[in-house]
Amino acid sequence: MSGNLYALLVGINHYSAAGRVPHLRGCVADVTAMRDFLVNRLGVPADHVRLLVDEAATRTAIIDGWRIHLRDRAQAGDFVLFHYSGHGSQATSQDPGESDQLDETVVAYDSRDPGHHDLLDKELGVLIGEVEQTGAQVALLMDC
């Protein structure tokens, strides 16, 4: 790989109590292992890897991670990795073109708290597009 690698790794075992989302096991271990692999085996600089786990993995922090850590740093020829390990879900779509009338979602730590919501597939698509506009290649690893 000729360019830099930037990674945003999100793992959520424990969700906000206010949202009553069932807890998981192994998600934090998944992204921690990925960080260790990237840094220790591939030699990716540690500051190129952003790790958000449990209460740090809020909807706002995930979006900011895409924009500040990935989009604002990546350049043409770079490679960007987003690894999410946590709950996925679906929500009624507001898009009349959505054939099944459902959006797929990523459940952030605070997604189900009052006044908050999941990260929609279409919102994630916008974030991916913003990074791709830099000329970087984007890959997602979704375990949800």
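Let me sum up the structure you'll find in this document.

**Considerations on the packing of aromatic side chains**
- For the coordinates displayed, the defined rule picks out one aromatic pair.
- Summarising the aromatic geometry, the rings of Trp66 and Phe82 are spaced 5.2 Å apart at their centres and angled 45° between planes, so their arrangement reads as tilted. With a gap of 16 residues between them, Trp66 in helix 2 (residues 59-71) and Phe82 in strand 3 (residues 79-85) connect regions that are remote in the sequence.

**A short note on the environment of Gln90**
- For Gln90, the location among the structural elements is in strand 4 (residues 88-92).
- Between the C-alpha atom of Gln90 and that of Tyr6, which follows or precedes it by 84 residues, the distance is 28 Å.
- Aside from chain neighbours lying at most four places away, what touches Gln90 is Asp100, Leu102, Asp103, Glu104 and Thr105.
- Engagement of the side chain of Gln90 in a polar contact is seen with the side chain of Glu104, the distance being 3.0 Å.

**Quick notes on the pattern of salt bridges**
- Considering all chains together, one arrives at ten salt bridges under this definition.
- Among the ionic pairs, Asp72 bridges to Arg71, the shortest N-O distance being 2.9 Å.
- Between Lys122 and Glu98 there is a salt bridge, and its shortest N-O distance comes to 2.5 Å. One end of the pair, Lys122, is in helix 3 (residues 121-132); the other, Glu98, is in the loop between strand 4 and strand 5 (102-106), with 24 residues separating them in the sequence.
- Overall, the relative accessible area of 33% leaves Lys122 in the partly exposed class.
- Given the relative accessible area of 17%, Glu98 is considered buried.
- Shared partners join several salt bridges into a network, and the residues in it are Arg67, Arg71, Asp72 and Glu130.

About the thresholds
Residues numbered from 1 in each chain as written. Predicted model: local features only at pLDDT ≥ 70, side-chain atom pairs only at ≥ 80, totals over all residues. Heavy atoms only, no water. Phe/Tyr/Trp six-rings, centres within 6.5 Å; stacked < 30°, edge-to-face > 60°. Helix = DSSP H or I, 4+ residues; strand = E, 2+ residues; numbered from the N terminus. Contact = heavy atoms within 4.5 Å. Polar contact = N/O pair within 3.5 Å; in protein donor to acceptor, adjacent residues only side chain to side chain. Salt bridge = Lys/Arg side-chain N within 4 Å of Asp/Glu carboxyl O. Buried < 20%, exposed > 50% of the residue type's maximum accessible area, 1.4 Å probe, protein only.

None of this, on its own, says anything about what the molecule does.
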